[in-house]
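Observations on the three-dimensional arrangement
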Amino acid sequence: MFEVAIESLWFVILLVISPIFLRNNWKYREWIFLGLNLFVFGVGIRSIGQLLFAAFFILFPYILTPRVKNKTWIIVVLVVCFAYEMKYDWIFGVLHIPYLFAWKLMGLSYILFREIDFVMQYEWLKEEGEEIRMMDYLNYLLSFYTIICGPIMRFRDYLEDRKEEKQPLEKAEIYSQLNRMLNGYIKVFLISGVIHNYTDKAFRNFERWSGITLLIIYLGFTFLNAWYIYFNFSGFCDIVIAAGKLAGFTIPENFNKPYLARSLSEYWNRHHITLSQWIRDYIYSPIFKWGITKFEKVDINIIQYVMLFVTFFVAGIWHGNTINYIIYGLLEGLGVSGSMWFNNTLKKKMGKKKYKEYQSKTIVKWMEIGVTWGYICISFAFVGYDTWGALMNMLR
């Protein structure tokens with residue numbers, strides 16, 4: 001049985017040989033890409049029920065979006081289906097709604113992001129005279145390069161990239177992209193693999209220690225897990241971005257030295273960049289506009305802090321369905337809104353000129369980087385592990 005994962009031998013072979021079929025502007029290039037996408041996606045289908053749900057979830061927005069004026073309910077249906085399939089017990093458990101079926105699809109989160117982008121962009125694209133074909137929609141939604149872990153592409157960008165005539169790659173560019181793929185695999189398998197091994201050991205041994213030793217072990221765990229997440233995720237993105245480039249696709253960058261960020265808001269402009277841009281456009285901007293319209297007498301900065309908190313809380317719980325991800329979302333929401341409040345308050349008290357001078361100091365820069373990085377490590381401790389359960393066991 002095939003397994004869809006970046007480390008699967010057949011998937012590695014697919015990434016390497018696909019440029020042979022996809023790079024040239026052949027008449028059947030899009031059909032070949034569609035066939036590869038459907039094959040990779042189909043590998044994850046295990047039952048007729050799962051296949052039927054996949055067909056519904058994928059085709060529902062494409063069929064309904066052109067036919068209804070109020071597109072909000074389309075998005076609501078998609079989000080509810082996503083939450084149900086992901087088994088968000090703190091929603092459906094509280095409502096005593098049983099899981100009659102749970103056909104989780106490969107790349108469900110990233111499919112949802114692209115579907116919402118499609119729904120939101122549809123009218124604008126039609127006004128621009130863009131022809132929206134099902135083939136483009138399916139290739140955009142199911143691209144085997146980005147369906148597993150992103151980056152999150154936009155439908156408009158995909159269409160523009162598809163229409164762009166690709167020039168033959170120079171040897172230097174080919175070697176550069178192959179080198180990036182190799183470096184990505186080194187990140188994923190070697191560096192993050194070693195780090196993950198030590199992270200697991202630290203987590204499993206919490207109960208063996210107490211006092212200051214336990215605190216040191218816990219902080220070491222948070223440190224290692226943050227680096228594991230970075231090397232694993234950025235390595236994956238290096239692989240698919242380079243492979244996509246070789247095949248003639250422009251996949252957006254997703255990382256820009258995130259651990260050199262001086263604040264939480266800057267961090268999210270450097271880490272998982274495409275997710276940050278997506279939540280800015282489709283969560284933060286709409287609720288911020290609603291907030292300033294609904295609460296006209298409230299200070300706009302207060303509205304901004306609240307909406308930032310809501311936005312990053314939602315982004316946090318998107319990552320998983322347990323209490324650990326609720327805590328992660330709370331920490332990210334508090335961190336982003338809190339750091340922005342702190343910087344705005346400092347700027348107001350010091351004045352723009354003194355604040356600029358203060359920010360230009362090297363010691364201030366590295367202190368801010370250190371505090372931001374430390375906070376990220378603490379919040380990331382709840383990603384991938386039942387850290388909440390472990391902390392509760394320590395306190396017993």
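One structure accompanies this document, and this report is about it. What you see is a predicted model; the values in this text were computed from it and never measured. Along each chain, residue indices are assigned from 1 in the same order as the chain's sequence is written. Since the coordinates come from a predicted model, pLDDT governs what is reported: local features require at least 70, and pairs of side-chain atoms require 80 or more to be given and counted, while whole-chain, interface and lining totals use all residues. Remark: hydrogens and water are excluded; side-chain values derive from all non-hydrogen atoms of the structure.

**Details of the packing of helix 14 (residues 323-350) against helix 16 (residues 362-380)**
The angle between two axes is taken between their N-to-C directions and runs from 0 to 180 degrees, where each axis is a line fitted to C-alpha atoms and a helix contributes only its stretch in contact. Under the DSSP-based scheme used, a helix requires at least four consecutive residues in state H or I and a strand at least two consecutive residues in state E, with every element numbered from the N terminus. The contact between helix 14 and helix 16 brings their axes to 9 Å, and the two run at 160°. Taken as axis vectors, helix 14 and helix 16 run roughly antiparallel relative to one another. For the pair formed by helix 14 and helix 16, the contact residues are Y328, L331, E332, L334 and G335 on the first element and Y375, I376, I378, S379 and F380 on the second. Under this grouping Gly is polar, as are all residues other than the nonpolar Ala, Val, Leu, Ile, Met, Phe, Trp, Tyr, Cys and Pro and the charged Asp, Glu, Lys and Arg. Each residue belonging to the contact of helix 14 with helix 16 can be placed in one class, and the counts come to 7 nonpolar, 2 polar and 1 charged. Should an angle fall under 35 degrees it is called roughly parallel, over 145 degrees roughly antiparallel, and 65 to 115 degrees roughly perpendicular, with every other angle called oblique. Two residues qualify as a contact provided that any one of their heavy atoms is within 4.5 Å of a heavy atom in the partner residue.

**Considerations on the packing of helix 3 (residues 48-64) against helix 4 (residues 72-85)**
For any two helices packed against each other, the geometry comes down to the angle between their axes and how far apart the axes lie. Helix 4 packs onto helix 3 with a crossing angle of 165° between their chain directions and a minimal axis gap of 10 Å. For the element pair helix 3 / helix 4, the angle class is roughly antiparallel. Once helix 3 is placed against helix 4, the crossing between them reads as left-handed. On helix 4, the residues touching F53, F56, F57, F60, P61 and L64 of helix 3 are W73, I74, V77, L78, C81, F82 and E85. For the contact of helix 3 with helix 4, the residue count by class is 12 nonpolar, no polar and 1 charged. We call a crossing left-handed when the near helix sits turned anticlockwise from the far one by less than a right angle, and right-handed when that turn is clockwise.

**Details of the layout of surface pockets**
To find leftover empty space, a probe the size of one water molecule is rolled over the atoms. By volume, the second largest pocket is sized at about 570 Å³. Grid points spaced at 1 Å over the protein atoms alone were grouped into cavities, where a 1.4 Å probe fits but cannot get out, and pockets, open sets with protein on both sides within 12 Å along at least five of seven lines, with lining residues defined by an atom within 4 Å of a point. Along the walls of the second largest pocket sit 24 residues, with V79, L112, I116, I283 and V314 positioned nearest its centre. For the lining of the second largest pocket, the element with the highest residue contribution is helix 12 (residues 273-294), accounting for 7 residues. Residues that form the lining of the second largest pocket fall into these classes: 24 nonpolar, no polar and no charged. Grid points are joined across faces, edges and corners, and a volume is the space filled by probe spheres set on the points.

**Let's talk about the packing of aromatic side chains**
Geometry of aromatic contacts follows a simple scheme: Phe, Tyr and Trp rings, the Trp one being its six-membered ring, pair when their centres are within 6.5 Å, and the pair is stacked under 30 degrees between planes, edge-to-face over 60, tilted otherwise. Applying the stated criterion across every chain, the model contains 54 aromatic pairs. Between Y110 and W318, the ring centres sit 6.0 Å apart and the planes meet at 90°, which makes this aromatic pair edge-to-face. Placement of Y110 in helix 6 (residues 108-127) and of W318 in helix 13 (residues 300-318) is noted, with a sequence separation of 208 residues between them. No difference in accessibility class separates Y110 from W318, as the two residues are buried. Residues F203 and F206 carry aromatic rings whose centres are separated by 5.4 Å and whose planes lie at 65° to one another, so their mutual orientation is edge-to-face. R29 extends its terminal NZ or CZ atom over the ring of F249, reaching a point 4.8 Å from the ring centre. Exposure is judged per residue with a 1.4 Å probe applied to protein chains only, and the accessible area is read against the type maximum: over 50% gives exposed, under 20% gives buried, and values in between give partly exposed. We call a charge positioned over a ring when the NZ of a Lys or the CZ of an Arg lies within 6 Å of the ring centre and within 35 degrees of the ring normal.

**Some details on the nonpolar core**
Residue types Ala, Val, Leu, Ile, Met, Phe, Trp, Tyr and Cys, when buried and joined through side-chain atoms within 4.5 Å, form a set referred to as a nonpolar core. L15, F41, F57, F144, Y145 and F380 are the most contacted members of the largest nonpolar core, which totals 112 residues. Dropping the residues within four chain positions of it, F57 is found in contact with L78, C81, F82, L105, L108, I111, L112 and E115.

**Points about the side chain of H272**
Looking at where H272 falls in the secondary structure, it is placed in the loop between helix 11 (264-267) and helix 12. Other than its neighbours up to four places away in sequence, H272 contacts Y110, I152, F233, N254, F255 and W318.

**Some details on the environment of L112**
Mapped onto the secondary structure, L112 falls in helix 6. When the C-alpha positions of L112 and I75 are compared, they lie 9.0 Å apart, and in sequence the two are 37 residues distant. When sequence neighbours within four positions are dropped, the list of residues in contact with L112 reads F57, L78, V79 and F82.

**Considerations on the pattern of salt bridges**
A pair is scored as a salt bridge if a Lys or Arg side-chain nitrogen falls within 4 Å of a carboxyl oxygen belonging to Asp or Glu. Counted under the stated rule, the structure contains 15 salt bridges. A salt bridge links R162 to D136; the shortest N-O distance between them is 2.9 Å. Highlighted residues: R162 in helix 8 (residues 155-163) and D136 in helix 7 (residues 134-142), separated in sequence by 26 residues. On the basis of relative accessibility, which here comes to 0%, the residue D136 falls in the buried class. Ionic pairing is found between R154 and D281, a salt bridge with its closest N-O pair at 3.0 Å. One end of the pair, R154, is in the loop between helix 7 and helix 8; the other, D281, is in helix 12, and 127 residues separate them in sequence.

**Some remarks on empty space enclosed by the protein**
Overall, the coordinates contain 2 cavities of 30 Å³ or more when judged by the stated rule. The space that makes up the largest cavity amounts to roughly 80 Å³. Forming the boundary of the largest cavity are F33, R114, N139, Y140, S143, Y145, T146, M153, Y158, D161, F249 and I251. Elements with a contribution of two residues or more to the lining of the largest cavity: helix 7 and helix 8. Taken together, the residues that form the lining of the largest cavity break down as 7 nonpolar, 3 polar and 2 charged. Approximately 40 Å³ is the volume found for the second largest cavity.

**Digging into unusual backbone geometry**
With an omega dihedral of 0°, the bond running from G150 to P151 counts as a cis peptide bond. Considering the arrangement of structural elements, one finds P151 in the loop between helix 7 and helix 8. Its identity is not glycine, yet K87 carries a phi of approximately 60°, on the positive side. With a phi angle near 55°, H96 is a residue other than glycine that sits in the positive phi range. Accessibility expressed as a relative area gives 71% for H96, which makes it exposed.

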